[in-house]
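Chain and residue survey
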Amino acid sequence: MVYDVTKFLEDHPGGDDVLLSATGKDATDDFEDVGHSDNARDMLKDMYVGDIDASTIPSSTTYTPPKQPHYNQDKTSEFIVKLLQFLVPIAILGLAFGIRLYTKST
């Protein structure tokens, strides 16, 4: 069965996200698991659109993962860059401190 719950989105006690997450799928189990009241079941009668033609549903879908860039196992150059990004500022700071200490003592 297909229901159009568009008019009920703002009034749904569980919020519109719950209804939107069930869009385009069989939400029977989701509906039953919550334990809706008889009043909620009666409201469905006004939202009924029709039944699904089972012959139009694909028998199965296959998941094709997206192509990912090649994994670089050699992380040596990346490690050296990160090390230099850390050590160069410390070396500059040490040099500046040494010069200040040397010029202050003379």
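Owing to the predicted nature of the structure, the values given are computational and were not obtained by experimental measurement. (Residues numbered from 1 in each chain as written. Predicted model: local features only at pLDDT ≥ 70, side-chain atom pairs only at ≥ 80, totals over all residues. Heavy atoms only, no water.)

1. Details of a negative patch on the surface
Applied cut-off: Here, patches come from residues exposed beyond 30% relative accessible area and free of salt bridges, joined within 9 Å for like charges and within 5 Å for nonpolar side chains (Val, Leu, Ile, Met, Phe, Trp, Tyr). Calculation of accessible area relied on Shrake-Rupley with a 1.4 Å probe; when residues are assessed, cover is drawn exclusively from the protein chains displayed. When a carboxyl oxygen of Asp or Glu lies within 4 Å of a side-chain nitrogen of Lys or Arg, that pair is called a salt bridge. By the counting rule applied here, Lys and Arg register as positive and Asp and Glu as negative, while His and the ends of each chain are not counted. Throughout, a charge is located at the NZ atom of Lys, the CZ atom of Arg, the CG atom of Asp or the CD atom of Glu. Only runs of H or I of at least four residues qualify as helices and only runs of E of at least two qualify as strands under DSSP, and these elements are numbered from the N terminus.
On the surface, E10, D11, D16 and D17 cluster together into a negatively charged patch. Residue placement: E10 occurs in the loop between β1 (2-3) and α1 (16-21).

2. Points about the pattern of salt bridges
Put simply, the test is: Relative accessibility thresholds used throughout: buried, under 20% of the residue-type maximum; exposed, over 50%; partly exposed, between the two (1.4 Å probe, protein chains only).
Per the stated rule, a full pass over the model turns up three salt bridges. Ionic pairing is found between K25 and D30, a salt bridge with its closest N-O pair at 3.1 Å. By relative accessible area, which is 46% here, K25 ends up partly exposed. Among the residues examined, D30 registers a relative accessible area of 37% and is labelled partly exposed. Among the ionic pairs, D42 bridges to K45, the shortest N-O distance being 3.6 Å. Placement of the pair is D42 and K45 together in helix α3 (residues 38-47), with a separation of three residues, close to one helical turn. On the basis of relative accessible area, D42 is assigned to the partly exposed category, the value being 41%.

3. Quick look at the side chain of H12
For the record, the criterion: Note on definitions: a residue-residue contact is assigned when non-hydrogen atoms from the two residues lie within 4.5 Å.
Considering the arrangement of structural elements, one finds H12 in the loop between β1 and α1. The exposure class assigned to H12 is buried, which follows from its relative accessible area of 16%. Leaving out residues up to four positions away in the same chain, H12 has contacts with V18, L19 and H36.

4. Some points on the domain arrangement of the chain
What counts, and what does not: These domain boundaries are the output of an automatic or database domain assignment.
Each assigned domain of the chain is listed with its residue range as follows: domain 1 (1-70) and domain 2 (71-105). The distance between the C-alpha centroids of domain 1 and domain 2 comes to 57 Å.

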